[in-house]
Amino acid sequence: MNKKIVLGTDHGGFELKERIKNHLEKSGHIIIDVGVYNEDSVDYPDVANKACNEYKSGNYDFGILFCGTAIGISMAANKIKGIRCAVIHDLFTAEMCKAHNNANFLAFGGRIEYNASVENMIDKFIETTYEGGRHEQRLNKITALEK
Ligand code: RB5
């Protein structure tokens, strides 16, 4: 099933974002890329804000953010109401962040050497279903922290 996905990166994740965009488009997903489009230095909170607001207004399935480490851009994204951005690093966390946390954003670092391919991690996230049940009350408690 094809997904609608928003991508956003700072300069530190630009190259990885381009690679992942290519992979996802080849797989038939609808990709909206809110930038950046080159390696000129930018501030990752601005990108997180842009991508998360695009996600909230555009009927997306989920979003993917990139920076050098995944850390700064995920910190910024998780300040935005309704965003649950997961920093994942292997196939297990790719699966769990959907099954248990129903993440709506993933974050990756362009300067990180992952043991699993980022393409495989994203595919695993896409093919996993949120389990709901006992996890729902926990997500509701996360939402309550936003108030
Ligand atoms: C930019 O140099 C770098 O700090 C940024 O991409 C990110 O890694 C921050 O967490």
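Scroll up a little and you will see the structure.
Residues numbered from 1 in each chain as written. Predicted model: local features only at pLDDT ≥ 70, side-chain atom pairs only at ≥ 80, totals over all residues. Heavy atoms only, no water.

**Let's talk about the packing of helix H1 (residues 14–26) against helix H5 (residues 118–127)**
A pair of packed helices is captured by two measures, namely the crossing angle of their axes and the spacing between those axes. The condition that has to hold: Lines fitted to the C-alpha atoms define the axes, with helices restricted to the stretch that makes contact. Angles between their N-to-C directions range from 0 to 180 degrees. Strands here are runs of E lasting at least two residues and helices are runs of H or I lasting at least four, both read from the DSSP assignment and numbered beginning at the N terminus. Geometric relationships in this document are graded by angle, where less than 35 degrees denotes roughly parallel, more than 145 denotes roughly antiparallel, 65 to 115 denotes roughly perpendicular, and other angles denote oblique. Take the far helix as your reference; a near helix turned counterclockwise from it by less than a right angle gives a left-handed crossing, and one turned clockwise gives a right-handed crossing. The contact rule is simple, with two residues in contact once any of their heavy atoms fall within 4.5 Å.
Where H1 contacts H5, the two axes come as close as 10 Å, and the packing angle between them is 50°. Relative to H5, the element H1 lies oblique. Note on packing geometry: the crossing formed by H1 with H5 is right-handed. Residue-level contacts link Leu16, Arg19, Ile20, His23 and Leu24 of H1 to Val118, Glu119, Ile122, Asp123 and Ile126 of H5.

**As for the environment of Leu16**
With respect to the secondary-structure elements, Leu16 resides in helix H1. Residues Leu16 and Val118, spaced 102 residues apart in sequence, show a C-alpha to C-alpha distance of 8.8 Å. Not counting chain neighbours up to four residues away, the residues in contact with Leu16 comprise Phe66, Phe108, Gly109, Gly110 and Val118.

**Examining the packing of helix H4 (residues 91–99) against H5**
Interhelical geometry of H4 versus H5 gives an angle of 30° and a closest axis separation of 8 Å. Taken together, H4 and H5 sit at an angle that is classed as roughly parallel. Our pair here, H4 against H5, has a crossing hand that is right-handed. Of H5, the residues touching H4 (which contributes Leu91, Ala94, Glu95, Cys97 and Lys98) are Asn120, Met121, Lys124, Phe125 and Ile126.

**Considerations on the sheet that holds strand E2 (residues 30–33)**
Inclusion rule: Criterion used throughout: strands pair if DSSP finds at least two bridges between them.
Read from one edge to the other, the open sheet built from 5 strands follows the order E2-E1-E3-E5-E4, with strand pairing classed as parallel. Each having just a single partner strand, E2 and strand E4 (85–87) make up the two edges of the open sheet. Across the sheet, the mean angle from the axis of one strand to that of its neighbour is 25°, orientation sign disregarded. Taken together, the 3 bridges between E4 and strand E5 (residues 105–109) define a ladder with parallel strand orientation. Within E5, the position partnered with Ala86 by the bridge is Leu106. On the sheet, helix H2 (residues 44–57) packs against strand E1 (4–9), E2, strand E3 (62–67) and E5 and is oriented at approximately 170° with respect to E1. Along the sheet, H5 contacts E1, E3 and E5; its crossing angle with E5, the most-contacted strand, is approximately 170°.

**Remarks on unusual backbone geometry**
Cut-off, in case you're wondering: Buried residues are those whose accessible area, probed at 1.4 Å on protein chains only, stays under 20% of the maximum for their type, while exposed residues exceed 50% and partly exposed ones sit between those limits.
Here the bond from Gly35 into Val36 is cis, since omega is 10°, no more than 30 degrees from zero. Relative to the assigned elements, Val36 resides in the loop between E2 and H2. Phi at Asn59 takes a positive value of approximately 55°, unusual for a residue other than glycine. With respect to the helices, strands and loops of the structure, Asn59 is situated in the loop between H2 and E3. Its relative accessible area of 72% is what places Asn59 among the exposed residues. Look at Ala70: it is not a glycine, yet its phi comes out positive at around 80°. Relative to the elements of secondary structure, Ala70 occurs in the loop between E3 and helix H3 (71–77). Using a relative accessible area of 0% as the deciding quantity, one classes Ala70 as buried.

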